[in-house]
Amino acid sequence: MDYQKILENIYATLKGHKSTGKVATYIPELAKIPFSKLGMHIYCINSGHYHIGDANERFSIQSISKVFGLTLAMGILGDDLFKRIDVEPSGNPFNSLIQLEYENGIPRNPFINAGALLIADVLISNLKNPKKELLEFIRNITNDYTIISNSQVSNSEKEHSHRNASLLHLMKSFGNIKNPIEDVLDLYLFQCAIEMSCKELATAFMVYANEGKLINTNQQLLNPSYIKRINAIMQTCGFYDEAGEFSFRVGLPGKSGVGGGIVAIHPGVYTTAVWSPPLNPKGNSELGMIALEELTSRTGLSIF
Ligand code: GLN
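Note that the coordinates shown come from a computational prediction; the quantities given were computed from them, not determined experimentally.

Asker: How would you explain the nonpolar core if you had to name every residue and give the values?
Answerer: Phe-68, Met-196, Leu-201, Phe-205 and Tyr-208 are the most contacted members of the largest nonpolar core, which has 76 residues in total. Those residues within four positions of Leu-201 in sequence are excluded, and the remaining contacts are Phe-59, Ile-61, Ile-64, Met-196, Val-263 and Ala-273. If you look at the next biggest cluster of nonpolar residues, it comprises 26 residues, including Ile-10, Phe-246, Ala-264 and Leu-295.

Written out as structure tokens, the structure is:
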């Protein structure tokens, strides 16, 4: 398969597409990123790396970081984690408060904001230096020790975090948050503000496509049964109230973020990441969704 040619064709299709998406202005720093940025990377287990456009430029990974937080929390608590959080698709926007009230402070899944905030609470309770350990984990699976969190982005979001603080207060009122609200919010905003390129994301997610093994060294870093579950949650909950649509159009487990990034994996075959800042009304990259739909249609390589 000529992946480079396929990427070039997808790129041409996207460039010809008139986007109606909008960037996430509630994080003012993100609103400064040019609309026109567009990059895509494919990392095939058998044949290596292919990229196009701005695939090597770092951007704010935002909610894609929720996969990394979940991975660490599962490693710490195992099945006990799922006493405090569910694994059902929410069918609601990522920052919705409604469901949390009538479900007694138990977040629907780890990939909506309530769930990721709860995971941050778990990491604070169990790790000496959660920011450092989270970053080290990401650096390790990416094999890149220069990855950092951008404090300008996290500070800019902090001033507009009333909704995330509300989610935390509501969960705390049900006894499901154990640490001070400010500490949990601080870790959550730190992880959202981590910056990675499409190439780095595709590399990091290879551990999820490779049964928990690091591809370079073959080291079994993560429990394969956790990998199975994390991939299942990506499939069913990775795109909030658009998870069904993503599954239907793309047919891969994946995760998006309001920085305009989307990562998707085909276990045992490849990982891919795409970046285009304008978001559709559900908060997922508009062109990113099209790019991945084109990829699985042109290659025939989806999990279904
Ligand atoms: N930091 C963002 C928020 O909490 C992340 C949301 C997202 O990427 N969907 O709203």
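Asker: So what's going on with the packing of helix H6 (residues 151-158) against helix H8 (residues 181-192)? Which residues, and what values?
Answerer: Packing of H6 against H8 brings their axes to within 8 Å, and their N-to-C directions diverge by 130 degrees. Taken together, the axis directions place H6 and H8 in an arrangement best described as oblique. Between H6 and H8 lies a crossing whose hand is right-handed. Across from Ser-154, Glu-157 and Lys-158 in H6, the residues of H8 making contact are Asp-186, Leu-189, Phe-190 and Cys-192. For the contact of H6 with H8, the per-class residue count stands at three nonpolar, one polar and three charged.

Asker: Tell me what's going on with the environment of Gly-238, and back it up with residues and numbers.
Answerer: Considering the arrangement of structural elements, one finds Gly-238 in the loop between helix H11 (224-237) and helix H12 (243-249). Taking the C-alpha atoms as reference, Gly-238 lies 15 Å from Gly-259; in sequence the two are 21 residues apart. Apart from residues no more than four positions distant in its own chain, Gly-238 is found in contact with Phe-111, Ile-233, Gly-254, Lys-255 and Ser-256.

Asker: Please give an account of the sheet that holds strand E6 (residues 261-266) that cites residues and values.
Answerer: Strand order in the open sheet formed by five strands is E2-E1-E7-E6-E5, and the pairing between neighbours is antiparallel. Edge positions in the sheet fall to strand E2 (48-53) and strand E5 (254-256), since each of these pairs with one other strand and no more. Along the sheet, successive strands turn relative to each other by an average axial angle of 10 degrees, direction set aside. On the sheet, helix H13 (residues 286-299) packs against strand E1 (39-44), E6 and strand E7 (270-275) and is oriented at approximately 150 degrees with respect to E7.

Asker: Lay out the site of the ligand with the relevant residues and their values.
Answerer: In the vicinity of the ligand, the contacting residues are Tyr-26, Gln-62, Ser-63, Phe-94, Asn-113, Glu-157, Asn-164, Tyr-188, Cys-192, Tyr-240, Gly-257 and Val-258. A distance of 2.7 Å separates an oxygen atom of the ligand from a polar atom in the side chain of Tyr-188. In this structure, an oxygen atom belonging to the ligand sits 2.8 Å away from a main-chain N or O atom of Val-258. Considering the ligand on its own, with 300 Å² of exposed area, one finds that the protein chains cover 99% of that surface. A per-class count over the shell around the ligand returns six nonpolar, five polar and one charged.

Asker: Now, about helix H4 (residues 113-126): what can you tell me, with residues and values included?
Answerer: Look at H4: 20 Å from first C-alpha to last across 14 residues, which is about the 20 Å you get at 1.5 Å a residue. Counted residue by residue, H4 has eleven buried out of 14 residues, so it is predominantly covered. Listed as buried for H4 are Asn-113, Ala-114, Gly-115, Ala-116, Leu-117, Leu-118, Ile-119, Ala-120, Asp-121, Val-122 and Leu-123. If you follow the buried residues of H4, they end up packed against helix H2 (65-77), helix H3 (98-102), helix H5 (130-142), helix H7 (162-173) and H8.

Asker: Any chance you could break down the pattern of salt bridges for me, citing the residues and the numbers?
Answerer: Inspection of every chain in the model, using the stated rule, returns 16 salt bridges. Residue Lys-158 is joined to Asp-186 by a salt bridge in which the shortest nitrogen-to-oxygen separation is 2.9 Å. Residue Lys-158 is found in helix H6, and its partner Asp-186 is found in helix H8; the two are separated by 28 residues along the sequence. Note on Asp-186: relative accessible area 25%, which makes it partly exposed. The partner of Lys-282 in a salt bridge is Asp-241, with the nearest N and O atoms 3.7 Å apart. Separated by 41 residues along the polypeptide, Lys-282 in the loop between E7 and H13 and Asp-241 in the loop between H11 and H12 bring together distant segments of the chain. Under the relative-accessibility criterion, Asp-241 is labelled partly exposed at 24%. What you see here is one network of salt bridges that share partners, running through Arg-58, Asp-144 and Glu-200.

Asker: Account for H6, naming residues and giving values.
Answerer: What H6 keeps buried is the set Val-153, Ser-154, Ser-156 and Glu-157. For H6, the angular spread of the buried residues around the axis is 160 degrees, confining them to a single face. In the core, the buried residues of H6 are packed alongside strand E3 (59-60), H7, H8 and strand E4 (195-196). Capping the start of H6, Asn-150 holds a side-chain oxygen 2.9 Å from the backbone nitrogen of Gln-152, two or three residues further along.

The rules we used
- Residues numbered from 1 in each chain as written.
- Predicted model: local features only at pLDDT ≥ 70, side-chain atom pairs only at ≥ 80, totals over all residues.
- Heavy atoms only, no water.
- Core = buried A, V, L, I, M, F, W, Y, C linked by side-chain atoms within 4.5 Å.
- Buried < 20%, exposed > 50% of the residue type's maximum accessible area, 1.4 Å probe, protein only.
- Contact = heavy atoms within 4.5 Å.
- Axes fitted to C-alpha atoms, helices over the stretch in contact; angles between N-to-C directions.
- Helix = DSSP H or I, 4+ residues; strand = E, 2+ residues; numbered from the N terminus.
- Parallel < 35°, antiparallel > 145°, perpendicular 65-115°, else oblique.
- Left-handed = near helix turned anticlockwise from the far one by under 90°.
- Nonpolar A, V, L, I, M, F, W, Y, C, P; charged D, E, K, R; others polar.
- Pairing = 2+ DSSP bridges.
- Near = heavy atom within 4 Å.
- Polar contact = N/O pair within 3.5 Å; in protein donor to acceptor, adjacent residues only side chain to side chain.
- Areas by Shrake-Rupley, 256 points an atom, 1.4 Å probe, with all protein chains shown as cover.
- Expected span 1.5 Å × (residues − 1).
- Salt bridge = Lys/Arg side-chain N within 4 Å of Asp/Glu carboxyl O.
- Arc of directions from axis to C-beta.

By themselves, these figures tell us nothing about what the structure is for.
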